[in-house]
Amino acid sequence: MKMAPVLFLALGGVATALALTWFWLDERRADEVRLGRMLYSKHCASCHGVKLEGQPDWKSPLPTGKMPAPPHDASGHTWHHPDGLLFRITRDGPAAIVGSGYKSDMPSFDGVLSNEEIRAVQAFIKSTWPERERVYQEEMTRRERTGS
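First, a word on what this report is: a plain description of the structure on this page. From a predicted model like this one, the values you see are computed outputs, not experimental measurements. Starting afresh in each chain, residues are numbered from 1 along the sequence in its written order. Restriction of local features to residues with pLDDT of at least 70 applies here, the model being predicted, together with a cutoff of 80 or more for giving and counting side-chain atom pairs; totals for whole chains, interfaces and linings are based on all residues. Excluded from the side-chain calculation are hydrogens and water; included are all heavy atoms of the structure.

**Some words on the pattern of salt bridges**
Any Lys or Arg side-chain nitrogen found within 4 Å of a carboxyl oxygen on Asp or Glu counts as a salt bridge. Counting across every chain of the model gives nine salt bridges. In this structure, Asp92 engages Arg91 in a salt bridge whose closest nitrogen and oxygen atoms are separated by 2.8 Å. Here Arg143 makes a salt bridge to Glu139, at a shortest N to O gap of 3.0 Å. Of this pair, Arg143 and Glu139 both sit in helix H6 (residues 131-146), four residues apart, which is roughly one turn of the helix. The helix and strand labels rest on DSSP assignments: H or I over at least four residues marks a helix, E over at least two residues marks a strand, and numbering proceeds from the N terminus.

This is the structure in structure tokens:
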């Protein structure tokens with residue numbers, strides 16, 4: 001009977017530690033999303049839209065032959081791709097990933113944004129997606145990481 005209070009206190013301590021860890025992770029994630037929102041506004045919104053809506057008729061080439069900026073909201077295809085691919089497209093530019101024949105106005109952000117800043121922009125974009133798109137994209141990222 002005397003073990004019950006000790007066990008209760010121990011479990012309470014574990015629960016408190018877990019709650020504090022989750023709180024810290026949530027706060028850290030919130031800070032990352034806030035940074036990503038600010039960076040998106042500064043570097044991405046002029047082409048991809050303030051509301052992540054992309055440019056009109058984004059699936060068809062412009063008269064210049066370049067592809068318009070796609071939306072990053074749920075109406076686009078960003079959520080179909082894993083984190084690693086999205087990171088490389090942002091860092092290296094689409095032509096470096098898709099191939100040199102791909103033409104767009106999107107530059108490489110290597111040297112403009114740090115790796116952490118690119119990930120923060122990704123976190124912001126993903127934070128706007130409905131659950132279905134987030135779950136799908138998380139699965140694509142899991143497959144990319146595990147090779148399955």
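We are not done yet, so read on.
**Side note on the environment of Arg88**
When you line up the elements, Arg88 lands in helix H3 (residues 83-92). Distance in space between the C-alpha atoms of Arg88 and Asn115 is 9.9 Å, their sequence separation being 27 residues. Beyond its immediate sequence surroundings of up to four residues, Arg88 is in contact with Gly93, Ile97 and Glu144. Residue contacts are defined here by distance: any two heavy atoms, one from each residue, within 4.5 Å place the two residues in contact.

**As for unusual backbone geometry**
Despite not being glycine, Leu52 shows a phi value in the positive range, around 65 degrees. Among the secondary structure elements, Leu52 is positioned in the loop between helix H2 (45-48) and H3. One non-glycine residue with positive phi stands out, namely Asp57, at about 50 degrees. Along the chain, the position of Asp57 falls in the loop between H2 and H3.

**Digging into the nonpolar core**
In terms of nonpolar packing, the biggest core is built from 16 residues, with Tyr40, Leu52, Leu113, Val121, Phe124 and Ile125 touching the most fellow members. Looking at this core, the elements with two or more residues in it are helix H1 (3-43) and helix H5 (115-127). The element that contributes the greatest number of residues to this core is H5, accounting for five residues. For this analysis, a nonpolar core means a set of buried residues of the types Ala, Val, Leu, Ile, Met, Phe, Trp, Tyr and Cys, connected via side-chain atoms within 4.5 Å. Throughout, exposure labels follow a simple rule: accessible area from a 1.4 Å probe, protein chains only, divided by the maximum for the residue type, with under 20% read as buried, over 50% as exposed, and the rest as partly exposed.

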